[in-house]
Amino acid sequence: MKGLGKRILAMAAVTAVCVWAAGKSSYTVKPYRLDEDTLAQQVQMLKENNLTMFSGVTIYDGIVIGDTAYYVMTQDGIEQERFLGEMTAKRSWLGTWRFYSMGSGDSGINYDIIGCGGHNFLLLSGKDPEQQVAKVALNWYGQTYEMTNESAKPYFLLCTELTGYMPDELLPSEDMFRFYDKNSIDFSVSFYNYHEPSI
């Protein structure tokens, strides 16, 4: 997972075991976004099992890829800062969600490449307090990938499939991402300046 930042935001990844039948998994590879009701149900189940771990945590959005659900979240920290973290939980054979791990750091955006079923997906989360980000573009090895942000929330979670050349063990650099507002104006410089770590 790569990240940069000035203020502290959060990205969470929550892992679940998918529905099984006759010993075989039955998930689809195509990513899908959790609707508000499903997201709320999953979060409530996790909180009921791990109340202390969820102190100060707010989860804003979730995307499922294969048998894994990834969440963008914030966690309260010292002096009302917001910590960027990665959180995982696993679903038991009984269908209950169990907390697995959590980590945090100082970032403005986070991204990773998720491999699933022979496909590769770019997952990107970030902090957008003024809700300016309407689209994010990445030009990587001659291929342009665009992700539209339809969320009306201060934290976004975006995903796209990477269909072009994929180098081994290499991620795009942070400055390759371009951020556009609803008028298609590139404001990447100001976005990066806002999230640049203070000295």
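Conventions adopted
Residues numbered from 1 in each chain as written. Predicted model: local features only at pLDDT ≥ 70, side-chain atom pairs only at ≥ 80, totals over all residues. Heavy atoms only, no water. Core = buried A, V, L, I, M, F, W, Y, C linked by side-chain atoms within 4.5 Å. Buried < 20%, exposed > 50% of the residue type's maximum accessible area, 1.4 Å probe, protein only. Contact = heavy atoms within 4.5 Å. Phe/Tyr/Trp six-rings, centres within 6.5 Å; stacked < 30°, edge-to-face > 60°. Lys NZ or Arg CZ within 6 Å of the ring centre and 35° of its normal. Pairing = 2+ DSSP bridges. Helix = DSSP H or I, 4+ residues; strand = E, 2+ residues; numbered from the N terminus. Axes fitted to C-alpha atoms, helices over the stretch in contact; angles between N-to-C directions. Salt bridge = Lys/Arg side-chain N within 4 Å of Asp/Glu carboxyl O. pLDDT = per-residue confidence, 0-100. Patch = residues over 30% accessible without salt bridge, like charges linked within 9 Å, V, L, I, M, F, W, Y side chains within 5 Å. Areas by Shrake-Rupley, 256 points an atom, 1.4 Å probe, with all protein chains shown as cover. Expected span 1.5 Å × (residues − 1). Polar contact = N/O pair within 3.5 Å; in protein donor to acceptor, adjacent residues only side chain to side chain.

**Some details on the nonpolar core**
1) Next: The biggest cluster of nonpolar side chains holds 19 residues, and the ones touching the most others in it are Leu122, Leu124, Val136, Phe177 and Phe179.
2) Next: The contacts of Val136, once residues within four sequence positions are left out, are Leu124, Tyr145, Glu146, Met147, Leu158, Phe177, Arg178 and Phe179.

**Things to note about the packing of aromatic side chains**
1) Next: What the rule picks out here adds up to 8 aromatic pairs.
2) Next: Here a set of aromatic residues connected by ring pairs shows up, and it is made of Phe179, Phe187, Phe191 and Tyr192.
3) Next: The ring of Tyr180 has Lys135 lying over it, and the distance from NZ or CZ to the ring centre is 4.9 Å.

**Remarks on the sheet that holds strand S13 (residues 143–148)**
1) Next: The 3 strands are arranged S13-S12-S15 in an open sheet whose pairing can be described as antiparallel. One side of each edge strand has no neighbouring strand; the edge strands of this open sheet are S13 and strand S15 (177–180). Averaged over all pairs of adjacent strands, the angle between strand axes in this sheet comes to 20°, irrespective of strand direction.
2) Next: Strand direction decides the pairing type here: strand S12 (residues 135–140) and S13, joined by 6 bridges, are antiparallel. Note that in S13 the partner of Trp140 across the bridge is Gln143.

**Side note on the pattern of salt bridges**
1) Next: This structure, assessed with the given rule, holds 4 salt bridges.
2) Next: Taking the shortest distance from any N to any O, the salt bridge between Lys135 and Glu146 comes out at 3.7 Å. Taken together, the residues Lys135 in strand S12 and Glu146 in strand S13 connect sequence positions 11 residues apart.
3) Next: A residue is classified by how much of its surface remains accessible, and Lys135, at 24% relative accessible area, is partly exposed.
4) Next: The partner of Arg178 in a salt bridge is Asp186, and the shortest N-O contact between them spans 3.2 Å.

**Brief notes about the confidence of the model for the protein**
1) Next: Across the protein, the average pLDDT comes to 76, with 68% of residues at or above 70.
2) Next: Counted against residues more than four places away or in other chains, residues 4–26, with its pLDDT under 50, gives 113 contacts.

**Points about a nonpolar patch on the surface**
1) Next: Among the surface-exposed residues, Tyr141, Tyr165 and Leu170 lie close enough to one another that they form a single nonpolar patch of about 340 Å² accessible area.
2) Next: In this structure, Tyr141 sits in the loop between S12 and S13.
3) Next: Given the relative accessible area of 46%, Tyr141 is considered partly exposed.

**Notes on the environment of Gly118**
1) Next: Mapped onto the fold, Gly118 is located in the loop between strand S10 (109–116) and strand S11 (119–127).
2) Next: Considered as a pair, Gly118 and Val29 are 89 residues apart in the sequence and their alpha carbons are 8.9 Å apart.

**Re helix H1 (residues 36–49)**
1) Next: Taking 1.5 Å of rise per residue, the 14 residues of H1 would be expected to cover 20 Å, and the 20 Å separating its terminal C-alpha atoms lies within 8% of that figure.
2) Next: The backbone nitrogen of Asp37 has a side-chain oxygen 3.2 Å away, supplied by the residue at the start of H1, namely Asp35.

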